[in-house]
Amino acid sequence: MALSKLDNLYRQVILDHSAHPHHHGKLGESTNAIEMNNPTCGDVIELELAIEDGVIKDIAFSGSGCSISTASASMMTDAVVGKTVVEAEALADDFSHLVLGEDVPEAEKLGDAAMLQGVSKFPARIKCATLAWKALGKAIDEEEGHGVAHQFHGAE
Ligand code: ZN
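Here the structure is a predicted model, which means the values were calculated and not measured.

A. Spatial organisation of helix 2 (residues 67-80). Taking 1.5 Å of rise per residue, the 14 residues of helix 2 would be expected to cover 20 Å, and the 20 Å separating its terminal C-alpha atoms lies within 8% of that figure. With 12 of 14 residues buried, helix 2 is to be regarded as a mostly interior element. Those residues of helix 2 that sit buried are Ile-68, Ser-69, Thr-70, Ala-71, Ser-72, Ala-73, Ser-74, Met-75, Met-76, Thr-77, Ala-79 and Val-80. A positive backbone phi angle near 85° is found at Gly-82, which sits one or two residues after helix 2.

Structure representation (structure tokens):
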């Protein structure tokens with residue numbers, strides 16, 4: 001397959017995720033939540049997780065962002081739902097290397113998010129792509145580290 005065709009395929013997947021993001025909305029009940037923004041682009045993400053026994057049982061995001069940040073958030077939620085917190089942190093680490101254009105063994109574990117590797121060619125968009133993953137790491141951290149700082153329960 002020609003590289004340009006491959007690029008087109010990736011672009012289409014990214015556009016599909018941004019037009020119809022997965023896990024978009026609010027969780028009825030969450031254990032961890034955080035809001036983060038990317039001032040260089042204006043992307044805002046509100047991320048909610050329901051973590052039980054160290055496993056991400058459910059995840060949802062809302063907010064507003066450019067197509068790259070929205071697609072990345074959608075792909076991130078697909079990649080980590082059902083995973084343990086430890087696995088999710090490893091994936092976030094892999095992703096941060098991937099978008100810098102570094103080789104990541106087993107990048108396929110990232111699912112569709114692996115398609116964002118091309119973002120490494122556009123340094124201005126890297127922060128858009130990593131926002132959701134940084135929010136994930138931060139939200140998980142609050143659980144393990146500081147407890148209830150950004151924690152809330154209840155209906156939307
Ligand atoms: Zn952006």
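From this point on, the discussion continues.
B. Local environment of the coordination of the zinc ion. Coordination sphere of the zinc ion, protein contribution only: Cys-41 (SG), Asp-43 (OD), Asp-43 (OD), Cys-66 (SG) and Cys-128 (SG), at 2.2 to 2.7 Å. Donor residues for the zinc ion, ordered by position in the chain, follow C-x1-D-x22-C-x61-C. Of this pair, Cys-41 sits in the loop between strand 1 (32-38) and strand 2 (43-52) while Cys-128 sits in helix 4 (residues 123-146), and the two are 87 residues apart along the sequence. Given the relative accessible area of 36%, Cys-41 is considered partly exposed.

C. Structural detail: the pattern of salt bridges. Overall, the coordinates contain two salt bridges when judged by the stated rule. In this structure, Glu-46 engages Lys-26 in a salt bridge whose closest nitrogen and oxygen atoms are separated by 2.4 Å. Taken together, the residues Glu-46 in strand 2 and Lys-26 in the loop between helix 1 (3-19) and strand 1 connect sequence positions 20 residues apart. Exposure remark for Glu-46: the relative accessible area of 24% places this residue in the partly exposed category. Residue Glu-106 is joined to Lys-109 by a salt bridge in which the shortest nitrogen-to-oxygen separation is 3.6 Å.

D. Quick look at the environment of Glu-89. By the secondary structure assignment, Glu-89 is in helix 3 (residues 85-98). The class of Glu-89 is partly exposed, set by a relative accessible area of 31%.

E. Spotlight on the nonpolar core. Core analysis: the biggest nonpolar cluster contains 43 residues, and Leu-47, Ile-56, Val-80, Phe-95, Trp-133 and Leu-136 have the highest contact counts within it. Only helix 1, strand 2, strand 3 (55-64), helix 2, helix 3 and helix 4 provide two or more residues apiece to this core. The element contributing the most residues to this core is helix 4, with 10 residues. Non-local contacts of Ile-56, meaning those with residues more than four positions away in its chain, are made with Leu-49, Ala-50, Ile-51, Val-80, Val-81, Gly-82, Lys-83, Ala-88, Leu-136 and Ile-140.

F. Fine view of the sheet that holds strand 3. Taken in spatial order, the three strands make up an open sheet running 1-2-3, and their pairing is antiparallel. Of all the strands in the sheet, just strand 1 and strand 3 have a single pairing partner and so form its edges. Averaged over all neighbouring strand pairs, the angle between strand axes comes to 20°, with direction disregarded. Sitting on the sheet, helix 2 is in contact with strand 2 and strand 3, with an inclination near 170° to strand 3.

G. Broad picture of unusual backbone geometry. Despite not being glycine, His-23 shows a phi value in the positive range, around 55°. The topology assignment puts His-23 in the loop between helix 1 and strand 1. The phi angle at Glu-106 is positive, at roughly 60°, despite the residue not being glycine. As for its placement among the helices and strands, Glu-106 is situated in the loop between helix 3 and helix 4.

Scoring rules and cut-offs
- Residues numbered from 1 in each chain as written.
- Predicted model: local features only at pLDDT ≥ 70, side-chain atom pairs only at ≥ 80, totals over all residues.
- Heavy atoms only, no water.
- Helix = DSSP H or I, 4+ residues; strand = E, 2+ residues; numbered from the N terminus.
- Expected span 1.5 Å × (residues − 1).
- Buried < 20%, exposed > 50% of the residue type's maximum accessible area, 1.4 Å probe, protein only.
- Donors = N, O, S within 2.8 Å, 3.2 Å for Na, K, Ca; no water.
- Salt bridge = Lys/Arg side-chain N within 4 Å of Asp/Glu carboxyl O.
- Core = buried A, V, L, I, M, F, W, Y, C linked by side-chain atoms within 4.5 Å.
- Contact = heavy atoms within 4.5 Å.
- Pairing = 2+ DSSP bridges.
- Axes fitted to C-alpha atoms, helices over the stretch in contact; angles between N-to-C directions.

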